[in-house]
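Each chain is listed here by its residues.
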Amino acid sequence: LLSQPLSDNAWLTSAKQAQELIKNAPNIILIPKLEIRELVAFYQMAQMLIYPSFYEGFGLPVVEAFTTHCPVITSHRGSLAEVAGHAALIVNPENESEIAQAIQKISQNPKLSQQLIDKGKKKAQQFNWALTAEKTYQVYVEALNT
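Note that this is a predicted model, so its numbers are computed, not measured.

*Asks:* Quick one: what's the story with the pairing of strand S2 (residues 72–75), residue by residue and with numbers?
*Replies:* On any regular strand, side chains alternate: one points to one face of the sheet, the next to the other face. In this structure, strand S1 (residues 49–51) lies alongside S2, joined through three bridges in parallel fashion. In the strand pairing of S2, tyrosine 51 is matched with threonine 74.

*Asks:* Give me the nonpolar core: which residues, what numbers.
*Replies:* By size, the foremost hydrophobic cluster in this structure holds 15 residues, and its most contacted members are Leu49, Val62, Ala65, Phe66 and Val72. Listed by contribution, the elements that provide at least two residues to this core are S1, helix H3 (60–67) and helix H4 (80–84). Sorting elements by how many residues they give to this core places H3 first, with four residues. Residues in contact with valine 62, not counting those within four places in the same chain, are Leu49, Tyr51, Val72, Thr74, Leu80, Val83 and Ala84.

*Asks:* Outline the side chain of serine 79, supporting the account with residue identities and numerical values.
*Replies:* Relative to the helices and strands, serine 79 resides in the loop between S2 and H4. Within the local environment of serine 79, its side chain forms a polar contact with the backbone oxygen of phenylalanine 58, the two atoms lying 2.8 Å apart. With residues near it in sequence (within four places) discarded, serine 79 still touches Glu56, Gly57, Phe58 and Gly59.

*Asks:* Account for the sheet that holds S2, with residues named and values stated.
*Replies:* If you trace the three strands from one edge of the open sheet to the other, you get S1-S2-S3, paired in parallel fashion. Only two strands of the sheet have a single neighbouring strand rather than two, namely S1 and strand S3 (89–91). Direction aside, the axes of adjacent strands within the sheet are offset by 15 degrees on average. Along the sheet face, H3 touches S1 and S2 and points at about 165 degrees away from the line of S1.

*Asks:* Any details on the packing of helix H5 (residues 96–108) against helix H6 (residues 110–124)? Residues and values, ideally.
*Replies:* Where H5 meets H6, the closest approach of the two axes is 5 Å, and the angle between their N-to-C directions is 100 degrees. What the angle tells us is that H5 and H6 run roughly perpendicular. Here H5 contributes Lys105, Ile106 and Gln108 to the contact with H6, which in turn contributes Pro110, Leu112, Ser113 and Leu116.

*Asks:* Before we move on, can you summarise unusual backbone geometry with the specific residues and values?
*Replies:* A positive phi angle, close to 65 degrees, is found at histidine 69, a residue other than glycine. Tracing the chain through its elements places histidine 69 in the loop between H3 and S2.

*Asks:* Summarise the packing of aromatic side chains; cite the residues concerned and give the values.
*Replies:* Counted by the stated rule, this structure contains one aromatic pair. An angle of 80 degrees between the planes, with centres 5.5 Å apart, marks the rings of phenylalanine 58 and phenylalanine 127 as edge-to-face. In this pair, phenylalanine 58 sits in the loop between S1 and H3 while phenylalanine 127 sits in the loop between H6 and helix H7 (129–144), placing the two residues 69 residues apart along the sequence. Among the residues examined, phenylalanine 58 registers a relative accessible area of 38% and is labelled partly exposed.

*Asks:* Describe the pattern of salt bridges, listing the residues and the values that go with them.
*Replies:* The full count for this structure, using the stated rule, is three salt bridges. The residue glutamate 94 makes a salt bridge to arginine 77 at a minimum N-O spacing of 2.1 Å. With glutamate 94 in the loop between S3 and H5 and arginine 77 in the loop between S2 and H4, this residue pair connects regions lying 17 residues apart in the sequence. Residue glutamate 94 is classed as exposed on the basis of its relative accessible area, which comes to 55%. Arginine 77 gets classed as partly exposed once you look at its relative accessible area, which sits at 24%. Here aspartate 118 makes a salt bridge to lysine 121, at a shortest N to O gap of 3.8 Å.

*Asks:* Break down a nonpolar patch on the surface for me, with residues and values.
*Replies:* Together, Ile29, Ile31, Phe42 and Met45 line one region of the surface with nonpolar side chains, adding up to about 460 Å² of accessible area. Among the secondary structure elements, isoleucine 29 is positioned in the loop between helix H1 (10–22) and helix H2 (36–45).

Here is what the cut-offs are and how they apply
Residues numbered from 1 in each chain as written. Predicted model: local features only at pLDDT ≥ 70, side-chain atom pairs only at ≥ 80, totals over all residues. Heavy atoms only, no water. Pairing = 2+ DSSP bridges. Helix = DSSP H or I, 4+ residues; strand = E, 2+ residues; numbered from the N terminus. Core = buried A, V, L, I, M, F, W, Y, C linked by side-chain atoms within 4.5 Å. Buried < 20%, exposed > 50% of the residue type's maximum accessible area, 1.4 Å probe, protein only. Contact = heavy atoms within 4.5 Å. Polar contact = N/O pair within 3.5 Å; in protein donor to acceptor, adjacent residues only side chain to side chain. Axes fitted to C-alpha atoms, helices over the stretch in contact; angles between N-to-C directions. Parallel < 35°, antiparallel > 145°, perpendicular 65-115°, else oblique. Phe/Tyr/Trp six-rings, centres within 6.5 Å; stacked < 30°, edge-to-face > 60°. Salt bridge = Lys/Arg side-chain N within 4 Å of Asp/Glu carboxyl O. Patch = residues over 30% accessible without salt bridge, like charges linked within 9 Å, V, L, I, M, F, W, Y side chains within 5 Å. Areas by Shrake-Rupley, 256 points an atom, 1.4 Å probe, with all protein chains shown as cover.

Written out as structure tokens, the structure reads:
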């Protein structure tokens, strides 16, 4: 992926554009790398995770937020809506007003925030390494038996 020219890699191009747009923004702090315990603390202190991604393979930040009891707003793109299910507010990442409305809903409605946290905790239980390994093993067993 990184060996591709920047012009051929949509994700890198948009990341560079975003960095340019926010580099002088006074309310945005870029954090280069966090230890796991620091990341967990950020999620736990956050009022919500706003993750309107355009390009996503799985959506690990959504599951991380669920496990740390952080309400989520995410995109309908890629796998995110499927990963989040009804445990997050799903938005069009190109619609700023839809994103703003979702932020306002969570900010102004503690009951909704708690409902999303509760649903997120349940949804996160579907994603664990032991279950993934077991399901992968079962696929191999079935493939070998055919």
